Each structure stands twice: as C-alpha cells, then as structure tokens.
Amino acid sequence: MDYNEKIKTKIEQLKNKEDFLILAIETSCDETAAAVTRGRKVLSNIISSQIDIHKRFGGVVPEIASRNHILAIDNVIEEALISAGVQLKDISAVAVTYGAGLLGALLVGVSYAKALSYALELPLIGVNHIKGHVFANFIDSDKLKFPFLCLLASGGHTEILKVNGYFDTQALGKTTDDAAGEAFDKVARVLGLPYPGGPEIEKYAQKGQNNIFMPRAYKGESHLNFSYSGLKTAVINYVHNSKARGQTINPYDVACSFQTEAVGALIDNAIRAAKRENMPCIALAGGVAANTALREGLKAAAEREGIEVFLPSKKLCTDNAAMIGVAAHFAVKEGKGGEDLYFDANAALE
Ligand code: KG4
Ligand code: ZN
C-alpha cells in the first residue's frame, strides 16, 4: 500500500472512534503553538509567544516570525507531548493551521506537520485558523450544539457566523474595512502603547471614563456588518487635534471611550443577529474575545434577551493549537479525509 492508501484506511478507522489523540500545530502569526487533544479534551496546550521579539517593531515582522517559529517548533512540540504524558507513537493524526495567516509563518507549521505525517504515516488534517477559533467553544464542553451563532473578533477578522457544522458556516455580517483587533492595535499605537494593543487598551480603559464622543458606523442600518476604520480615525483625529491645540489628552479616557464603542458595536450586532435568526445562544471567539468588557457586556445584554453566551477561557481565545486539534476532530467526524503530500499553506484562505 502506498502512503495515500494507508492514510485513507487510517482516516476511515478514525471516523468511527471518539478517543483518538491529535497532535495539533499552529504557527499562523507570532505564536508557535502545539497541543495534544482527545476529542474535545485538551491534554496539553503549549504556546511560545514571540510578542517580546516583535514589540520593539510595533507589530509582527513576518520574516522574523518565520525564523523564530523554526527555532521554537521542535521544543514546543516536544513539550506538548511531555506535558500530555504521551509519545509520538500514541498519536493518531496530525492537525495543522494552513491559513489564513503569514505565509512564511504558516509554512513552518505545515512543513513540520507534513514531514511528521509522512514519516509516521499519520493522517494530516489541515485546519482553517478561523474555524479553530470558532471550535474553541467546544473545548471541555458538550453543552454547545449546532446550529449556533458565533461572534468572531480577532486581529484579522470580525464576523457574525451562523455555524451549522464544520463544513457549513454562513457569514451573516462582517467588517467592511478594519477588524476589531486591528482597531485596538492601531488606537494603542497612537496612544504610544506597545503591541499587541488590545490588552493594553483594556488596562487603560479600566482607569478611564467613557466621556469622549465616538461615532457608530452603520447606525440605524438593518444589516449586520461592521466598520472600524471611522472609529479608529476618530480617535487618531481626537489625539492629533488635541495635541495641535496644546491640550493634554487623558489616555485612560480615550481608551475607555474607544473600547466602549468598539465592544458596543460587536455586542449590538450579535444580539440583533441572534434575535433575527432565532438563535438561543451566542459563542464568542478570537483574540478580542479575551476582552473583559466584551465578555461581561455580551453576557449582560444576552441575559436581558434570554440568550445564552459561551465564552472560551481567555487563553483559548487568543492563538493556540488546542483549538486546532479540537476543530480537526470535528472535521474528521464530519468526513474530512487526510491531506495528500501536495497540501500547502494558503495565506489568504477565506
Ligand atoms: O485571534 P488572535 O490572537 O490572532 C489573530 O488571529 O488575529 O487575535 C489577536 C488580536 C490582536 O489584535 C489583539 O490586540 C487582540 O486580539 N486582543 C485583544 C485582547 N487580547 C487580544 N483585544 C482587546 N482586548 C483584549 N484583552
Ligand atoms: Zn487567531
């Protein structure tokens, strides 16, 4: 039997099993991550962050990210196996993020996963990074059922999705320009705060007041799209105009006013979408989902409407490989076959 036939046979066997181990790898941006998962359970979840390396450049430098993934990936995978208490021989499939993301960064994980899969004759499951974020909601929980509504807000995406299954997701609304996380990062930069801006803005917002007017895009419109570029520009103009007039700004108030509006737009659209689609629950996903104002604001707004909210733990909201392993489990269960050796990274994956 050649490699492809062996993989086909193995994947057919996995479709009928619940308890097989997946080694998952995620290198789409600036986190080198590996995890061992079994179904919805996470046995280990190791993340080596490059944030300190990229901080001095004010954002992720793609070439530097790729080089650091190469340096870190061996150790991260070894640590994931050790901390799960398993060996490579116990693993039944390898899962890897193949897009979207930085091409060079993705290629490190994809090449590693392909080599591992070929050498050990293990099925290889390519996972869309965004699906990983969405499926983080299933980790350690059997309460969430299809179909559900997902509010996804990360550094590159802001969308409201109706999730009917792994292969059946429908975007009900999305950003027409900047992503929510991108707006947090750009506003942080104008306030002189380090990368990544989201957690910094959150800290500053806690010390400030919501007392500066911020514009709401698409106010009164019936669609569910977002726009963050006007809000970002409003903050930049406020800061620059104040400086030009010789006025000192209160960065805590700027952060709080921006965050209140940024999070408010997410919450309002998600609640409108749930009511329109008659969805009993909203799941939160993506890096911005680690924001406490968003988590608590959405929970409070949903409670008033009798809607349930699912929140992955903060560590599972930002980039990690556990979500990739759990998403891969669902993909296999829904009939995904193993990738062949022509499998490649796709930076612009939809
Ligand atoms: O999902 P993620 O880790 O990577 C992407 O797939 O993009 O999201 C990163 C984004 C960054 O823009 C970061 O500033 C934002 O999520 N973020 C936050 C918080 N933590 C991370 N935004 C607001 N509040 C946070 N606590
Ligand atoms: Zn992400």
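Residues numbered from 1 in each chain as written. Chains lettered and ligands numbered in written order. Predicted model: local features only at pLDDT ≥ 70, side-chain atom pairs only at ≥ 80, totals over all residues. Heavy atoms only, no water.

With seven of eight residues buried, strand S2 (residues 31–38) is to be regarded as a mostly interior element. In this sheet, S2 lies alongside strand S1 (residues 21–26) in antiparallel orientation, the contact comprising six bridges. Within S2, the residue paired with Ile 25 across the bridge is Ala 34. Where S1 folds back onto S2 in an antiparallel hairpin, the turn is made up of four residues. The pairing of S2 with strand S3 (residues 41–49) spans eight bridges and is antiparallel. Across the sheet, residue Glu 31 finds its bridge partner in S3, namely Ser 49. Counting the residues in the hairpin turn of S2 and S3 gives two residues, including Gly 39, whose phi is positive at 60 degrees. (Buried < 20%, exposed > 50% of the residue type's maximum accessible area, 1.4 Å probe, protein only. Helix = DSSP H or I, 4+ residues; strand = E, 2+ residues; numbered from the N terminus. Pairing = 2+ DSSP bridges.)

Attention shifts here to the environment of Ser 141. Inspection of the secondary structure assignment puts Ser 141 in the loop between helix H5 (129–135) and strand S6 (148–153). In this structure, the C-alpha to C-alpha distance between Ser 141 and Arg 40, residues 101 residues apart in sequence, is 7.2 Å. Excluding anything up to four places from it in sequence, Ser 141 contacts Arg 40 and Phe 310. Polar contacts involving the side chain of Ser 141 include one to the main-chain amide nitrogen of Lys 143, which spans 3.2 Å. (Contact = heavy atoms within 4.5 Å. Polar contact = N/O pair within 3.5 Å; in protein donor to acceptor, adjacent residues only side chain to side chain.)

Within the structure shown, the criterion is met by 15 salt bridges. With its nearest N and O atoms 2.7 Å apart, the salt bridge here joins Glu 63 to Arg 67. Highlighted residues: Glu 63 and Arg 67, both in helix H3 (residues 62–84), separated by four residues, approximately one helical turn. The class for Glu 63 is partly exposed, based on a relative accessible area of 45%. Residue class for Arg 67 comes out exposed when judged on its relative accessible area of 53%. (Salt bridge = Lys/Arg side-chain N within 4 Å of Asp/Glu carboxyl O.)

So, about the environment of Val 134. Relative to the elements of secondary structure, Val 134 occurs in helix H5. Sequence spacing of Val 134 and Glu 182 is 48 residues, and the spatial spacing of their C-alpha atoms is 19 Å.

Glancing now at the site of ligand 1. With respect to spatial proximity, 20 residues lie near ligand 1, and among them His 133, Gly 155, Asp 185, Gly 198 and Glu 202 are the closest. Within the side chain of Asn 291, one N or O atom sits 3.0 Å away from a nitrogen atom of ligand 1. A distance of 3.2 Å separates an oxygen atom of ligand 1 from a polar backbone atom of Asp 319. Considering ligand 1 on its own, with 550 Å² of exposed area, one finds that the protein chains cover 88% of that surface. Going through the elements one at a time, H5, helix H6 (180–190) and helix H7 (197–206) are the ones with two or more residues in the shell around ligand 1. Looking at the shell around ligand 1, the element that brings in the most residues is H7, giving four residues. Partitioning the shell around ligand 1 into residue classes produces five nonpolar, twelve polar and three charged. (Near = heavy atom within 4 Å. Areas by Shrake-Rupley, 256 points an atom, 1.4 Å probe, with all protein chains shown as cover. Nonpolar A, V, L, I, M, F, W, Y, C, P; charged D, E, K, R; others polar.)

With omega at -15 degrees, the peptide bond leading from Gly 99 into Ala 100 counts as cis. Inspection of the secondary structure puts Ala 100 in the loop between strand S4 (93–99) and helix H4 (103–120). A cis amide bond, omega -10 degrees, links Phe 146 with the succeeding residue Pro 147. In this model, Asp 140 sits at a positive phi of 60 degrees, which is unusual for a non-glycine residue.

Across the sheet, five strands lie side by side as S3-S2-S1-S4-S5; this open sheet has mixed pairing. In this open sheet, the two edge strands, each paired with only one partner strand, are S3 and strand S5 (124–128). Strand-to-strand twist of the sheet, defined as the mean angle between neighbouring strand axes without regard to direction, takes the value 20 degrees. Together, S1, S2 and S3 form the strand contacts of H3, whose direction differs from that of S2 by roughly 25 degrees. (Axes fitted to C-alpha atoms, helices over the stretch in contact; angles between N-to-C directions.)

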